[in-house]
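# Overview (structure and organization)
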Amino acid sequence: MSQDAALERIRAVAPTSRPRIAVLLGSGWGGLTQQLADAQRLRYAELPGFPGAGVAGHAGELWLGRLAGREVAVLSGRRHTYEDGSADGMKGALCTLRALGIQVLVQTNAAGSLDPAMPAGSLMLISDHLNLAQRSPLVGEAGSGRFVDMVDAYNPALRQVAHAAAARGGIALHEGVYAWMLGPQFETPAEIRMLRTLGARAVGMSTVPETIIARWLGLRVLSLSLVTNLAAGLSDEQLSHAHTLAMAEAAGERAGMLLSAVVQALAERVG
Ligand code: HPA
């Protein structure tokens, strides 16, 4: 199985590494890897079952290292469903990390905001999601395990830890529902009006498939969004991937501080 082969490769490079927390980095969140001590880096291409090359702004590397003395695994870059239509691009990687002993998945992404009170540069904790793409990474799985309970998918206790860490660091952290749209095109203003009616506060093209996989694997999940823009129709701004990356970069330092504080606080709880 590719999972065993990937695990073997990880063990060959980092034989003593036993992280309990994995962080999946989206656009704008890459700074975390620079804070790792004793870091070992593997390219996804070396790891069977991991995704191939992705989108600009995503490195495609697994890092193993220590953050403030605590072991962490960092997935830098994800496969998006809009790349080839399949929602299970990160399944092999997450199964391998589960086998390595990971218990908590911290996800990050860039998102559009549906709330003018949460402008570009804001940080939002995801409280729940809307799977509007209506795709699942579990299609084709057999057995009763695939009927995953999605209540509290974004773990309430971990969210409390994140809010406390943000407050200690003096970083404003919003919270809200994330709507997954398939992309890769941005939304229309009519779609954004629909999402607001449905109760979404942020919109993006990722994260939900990985949350489903993680819950299927029994991992606890925490997810953070970095707002790179007000969503379509809510401002005069022209949306583009370059704009997303530029805004993500501008807010990257604060995002990195929050992520590092949150991961450290979680590590103290998870061990
Ligand atoms: N829509 C969807 N995905 C996004 C956006 C957006 O406005 N901004 C960053 N990712």
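Above: the structure in question.
Reference entry: report on the structure contained in this document. (Residues numbered from 1 in each chain as written. Predicted model: local features only at pLDDT ≥ 70, side-chain atom pairs only at ≥ 80, totals over all residues. Heavy atoms only, no water.)

### Topic: the overall build of the protein chain
In plain terms, the rule: In DSSP terms, a helix is any run of H or I states spanning at least four residues, a strand is any run of E spanning at least two, and both are numbered starting from the N terminus. Both definitions apply: the radius of gyration is a C-alpha atom measure, and the globule rule equals 2.2 Å times residues to the power 0.38. A simple rule labels every residue: compare its accessible area, found with a 1.4 Å probe on the protein chains alone, to the largest value its type can have, and call it buried under 20%, exposed over 50%, or partly exposed in between. Every residue pair with non-hydrogen atoms within 4.5 Å of one another is taken to be in contact. Here the Shrake-Rupley method, with its probe set to 1.4 Å, supplies the accessible areas, and only the displayed protein chains count as covering residues. Working convention for charge: Lys and Arg count positive, Asp and Glu count negative, and His plus the chain ends are omitted. Throughout, a charge is located at the NZ atom of Lys, the CZ atom of Arg, the CG atom of Asp or the CD atom of Glu.
Counting secondary structure elements, the protein chain contains eight helices and nine strands. Relative to the globule expectation of 18 Å for 271 residues, the C-alpha radius of gyration of the protein chain, 17 Å, shows essentially globular dimensions. By principal-axis analysis of the C-alpha atoms, the protein chain measures approximately 50 × 45 × 35 Å. Classification of the 271 residues of the protein chain by burial places 53% in the buried group. Excluding contacts between residues fewer than 6 apart, the proportion of contacts in the protein chain whose partners are at least 24 apart in sequence is 82%. As displayed, the protein chain has an accessible area near 11200 Å², and 49% of this comes from carbon and sulfur atoms. Side chains of the protein chain give 23 positive and 23 negative charges; the mean places of these two sets differ by 6 Å.

### Some points on the layout of surface pockets
Here is the rule we go by: Buried and open spaces are told apart on a 1 Å grid over the protein atoms alone, a cavity being a set of points where a 1.4 Å probe fits but cannot get out and a pocket being an open set with protein on both sides within 12 Å along at least five of seven lines. Residues with an atom within 4 Å of a point are the lining residues. Grid points are joined across faces, edges and corners, and a volume is the space filled by probe spheres set on the points.
Quantified by volume, the largest pocket comes out at close to 340 Å³. Contributing to the lining of the largest pocket are 24 residues, with Ala110, Phe186, Met205, His241 and Thr244 lying nearest its centre. Listed by contribution, the elements that provide at least two residues to the lining of the largest pocket are strand E5 (104-113), strand E8 (202-204), strand E9 (220-230) and helix H7 (241-250). A total of four residues in the lining of the largest pocket trace back to one element, the largest contributor, which is E5.

### As for the site of the ligand
What counts here: By convention in this text, a residue qualifies as near a molecule or strand provided that one of its non-hydrogen atoms is within 4 Å of it. Two N or O atoms form a polar contact when they lie within 3.5 Å of each other; inside protein one atom must be a possible hydrogen donor and the other a possible acceptor, and for residues adjacent in sequence the pair counts only when both atoms belong to side chains. Any molecule with more than half of its atoms within 2 Å of a cavity's or pocket's grid points is regarded as sitting in that cavity or pocket. Side-chain classes are defined by residue name, with Ala, Val, Leu, Ile, Met, Phe, Trp, Tyr, Cys and Pro counting as nonpolar, Asp, Glu, Lys and Arg as charged, and the others, Gly among them, as polar.
Within the structure, the ligand sits among Ala110, Ala111, Gly112, Phe186, Glu187, Val203, Gly204, Met205, Thr228, Asn229 and Thr244. One of the backbone N or O atoms of Gly112 is found 3.3 Å from a nitrogen atom in the ligand. With respect to the ligand, the side chain of Asn229 contributes an N or O atom lying 2.7 Å from a nitrogen atom. Within the complex, 96% of the 250 Å² of free accessible area of the ligand lies under protein. Given that more than half its atoms are within 2 Å of the pocket grid, the ligand belongs to the largest pocket. In terms of residues, the shell around the ligand owes the most to one element, E5, which gives three residues. Split by residue class, the shell around the ligand holds five nonpolar, five polar and one charged.

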